Amino acid sequence: MTDSETVPTSGEDASHRPRRIAGLFALGFRAQTPILVLVLAYLGIQLLLAALFPPLTTVSPQTVFLAVISMFLGLLFFLVIILSAYLFIIMAVYERPKRPTVHLIRRMAAVIRSPRNLASGLPIFVSTLILVYAFSRIKGSIPFIAPFSWDTTLDHLDLVLHFGRRPWEWLHPILGHWPVTFVISVIYNLWFAVMYGVWLHHAFMERPGMQRTRYFLTFMLLWMVAGSLLALLLSSAGPCFYGQGRLGLSPDPYAPLVTYLHAVNDIVPIWALSIQDMLWKLHLSNLMESSISAMPSLHNATSLLFVLASRGWPRWVRTLLVAHCGVVFIGSVHLAWHYAVDSYVGWAVTILLWWLMAPVARWCESRPAARRFQRTYQASA
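Conventions adopted
Residues numbered from 1 in each chain as written. Predicted model: local features only at pLDDT ≥ 70, side-chain atom pairs only at ≥ 80, totals over all residues. Heavy atoms only, no water. Helix = DSSP H or I, 4+ residues; strand = E, 2+ residues; numbered from the N terminus. Buried < 20%, exposed > 50% of the residue type's maximum accessible area, 1.4 Å probe, protein only. Contact = heavy atoms within 4.5 Å. Areas by Shrake-Rupley, 256 points an atom, 1.4 Å probe, with all protein chains shown as cover. Patch = residues over 30% accessible without salt bridge, like charges linked within 9 Å, V, L, I, M, F, W, Y side chains within 5 Å. Salt bridge = Lys/Arg side-chain N within 4 Å of Asp/Glu carboxyl O. Core = buried A, V, L, I, M, F, W, Y, C linked by side-chain atoms within 4.5 Å. Expected span 1.5 Å × (residues − 1). Arc of directions from axis to C-beta. Axes fitted to C-alpha atoms, helices over the stretch in contact; angles between N-to-C directions. Parallel < 35°, antiparallel > 145°, perpendicular 65-115°, else oblique. Nonpolar A, V, L, I, M, F, W, Y, C, P; charged D, E, K, R; others polar. 1 Å grid on protein atoms, 1.4 Å probe; cavity = no way out; pocket = protein on both sides within 12 Å on 5 of 7 lines; lining within 4 Å. Points joined across faces, edges and corners; volume = space filled by probe spheres on them. Polar contact = N/O pair within 3.5 Å; in protein donor to acceptor, adjacent residues only side chain to side chain.

Bringing the overall build of the protein chain into the picture now. Across its full length, the protein chain holds 16 helices and 0 strands. Classification of the 381 residues of the protein chain by burial places 49% in the buried group. Sequence separation of at least 24 residues holds for 81% of the intrachain contacts in the protein chain that already meet a minimum separation of 6. Accessible area of the protein chain: about 18,100 Å², with a carbon and sulfur share of 70%.

To continue, consider a nonpolar patch on the surface. Together, Phe 88, Ile 89, Val 93, Tyr 94, Trp 316 and Leu 320 make up a nonpolar patch on the protein surface, roughly 590 Å² of accessible area in all. Broken down by secondary-structure element, the contributors of at least two residues to the nonpolar patch are helix 3 (61-95) and helix 14 (315-334). Among the elements that make up the nonpolar patch, the one with the highest residue count is helix 3 (4 residues). Relative to the assigned elements, Trp 316 resides in helix 14. Assessed through its relative accessible area of 37%, Trp 316 is described here as partly exposed.

Nonpolar side chains in soluble globular proteins tend to be buried together. Counting 90 residues, the largest nonpolar core has Trp 199, Tyr 215 and Phe 219 as the members making the most contacts within it. Counting residues per element, this core draws most heavily on helix 10 (residues 210-233), at 13 residues. Of all hydrophobic cores here, the second largest spans 8 residues; its members include Leu 27, Ala 31, Phe 373 and Tyr 377.

Taking 1.5 Å of rise per residue, 14 residues should cover 20 Å, and helix 12 (residues 271-284) covers 20 Å from first to last C-alpha, within 8% of that figure. Of all the residues in helix 12, the buried ones are Ala 272, Leu 273, Gln 276, Leu 279, Trp 280 and His 283. Each buried residue of helix 12 lies within a common arc of 130° when the element is viewed along its axis, so the set occupies one face. Residues of helix 12 that are buried sit in contact with helix 5 (115-145) and helix 11 (255-265).

For the rest of this paragraph, the subject is the packing of helix 5 against helix 9 (residues 191-205). Geometry of a packed helix pair, given as the angle between the helix axes and the separation of the axes. At a closest axis distance of 7 Å, the pairing of helix 5 and helix 9 adopts a crossing angle of 130°. Between helix 5 and helix 9, the interaxial angle falls into the category oblique. In this structure, helix 5 uses Asn 117, Leu 118, Ser 120, Gly 121, Leu 122, Ile 124, Phe 125 and Thr 128 to contact helix 9, whose residues at the interface are Trp 199, Ala 203 and Phe 204. Considered class by class, the residues forming the contact of helix 5 with helix 9 number 7 nonpolar, 4 polar and no charged.

For the second largest pocket, the calculated volume is near 780 Å³. Lining the second largest pocket are 21 residues, with Tyr 86, Ile 89, Trp 313, Trp 316 and Val 317 sitting closest to its centre. Elements supplying a minimum of two residues to the lining of the second largest pocket: helix 3, helix 9 and helix 14. Residue composition of the lining of the second largest pocket, grouped by class: 18 nonpolar, 3 polar and no charged.

A separate point is the side chain of His 324. Structurally, the position occupied by His 324 is in helix 14. Given a relative accessible area of 8%, His 324 falls into the buried group. Other than its neighbours up to four places away in sequence, His 324 contacts Ile 187, Leu 190, Trp 191, Val 194 and Ser 303.

Let us look at the side chain of His 334. Considering the arrangement of structural elements, one finds His 334 in helix 14. The exposure class of His 334 is buried, given its relative accessible area of 2%. A distance of 2.8 Å separates the side chain of His 334 from the side chain of Thr 181, its partner in a polar contact. In contact with His 334, not counting residues within four places along its chain, are His 172, Leu 175, Gly 176, Thr 181, Ile 184, Leu 257, Tyr 260 and Leu 261.

What follows is the structure, encoded as structure tokens:
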């Protein structure tokens, strides 16, 4: 297939356009084959684990189908919401049109209808769907495969690394006021929106190239290596589950923090508490949807990745991402989700993978299909 066969030109015969667009989509998938192969290999590992551990095979094909459809619709819904917010921010900061609503609708339609954007983003969308499904199954299987056993060790490491006091104890004199806790809780929960926004930009807005591929390789390997492999090897539940009739570890050094959070929740909602209660109930019911895993912290790992991947972005955006990374770290400790060492390991894995994926991304983008897609993408602008 030559470049000219894949570039829809403005003067082309309308009858040839569907074939040319189909060629562009096929080229987009071939250009991003390494990412697809990576997530399919991960799915294979998940299926192998399900075969080795019978409790994981109790899910019916109908349930799997419904789960995939639900994830697809959920991811699609979030993409539409994040896309509209993304374009609104660009419009408000840079464009400031006279008719903002009409302008926003036209911009969204232009992105959604753009063959080159879809050809670039659809393989990533499919890869992410596979990743999310396999990751959710593996993470939910952790208590079956490797019951929580590292919490006391991680708590001790926090004590040793922080001069004999736990990080939450150092932070509490500053953060232990309900308005501060509430703000931290809100920003911590915004992680999902930030993750989808950065993902959306790289999937559908960023031009194909080494930086984009490096981001997605690192992003997906974080969920595989940190969120799956290390989570199994260092199986732990986290401070919020340390005692309180949950893991039953005693004495419980996090009881005062949890008591404080419940007191704040009587004033303003602290969503972490309801989520933690829900996850523990699912865990007690032996349901794989429980998804409890503290070490390493993917919230902190991915927040750092967003900063690393924002090179070349406007300074104010990078500043916000750095601030977000800092607040996520503080929130992960203050809201009793993580030991501080969970974050340190997450950051270390992120930096290591980001460094290792640079030559891999260069190789991926040097492949003939990737080079042709880059040229085709530019020519179809």
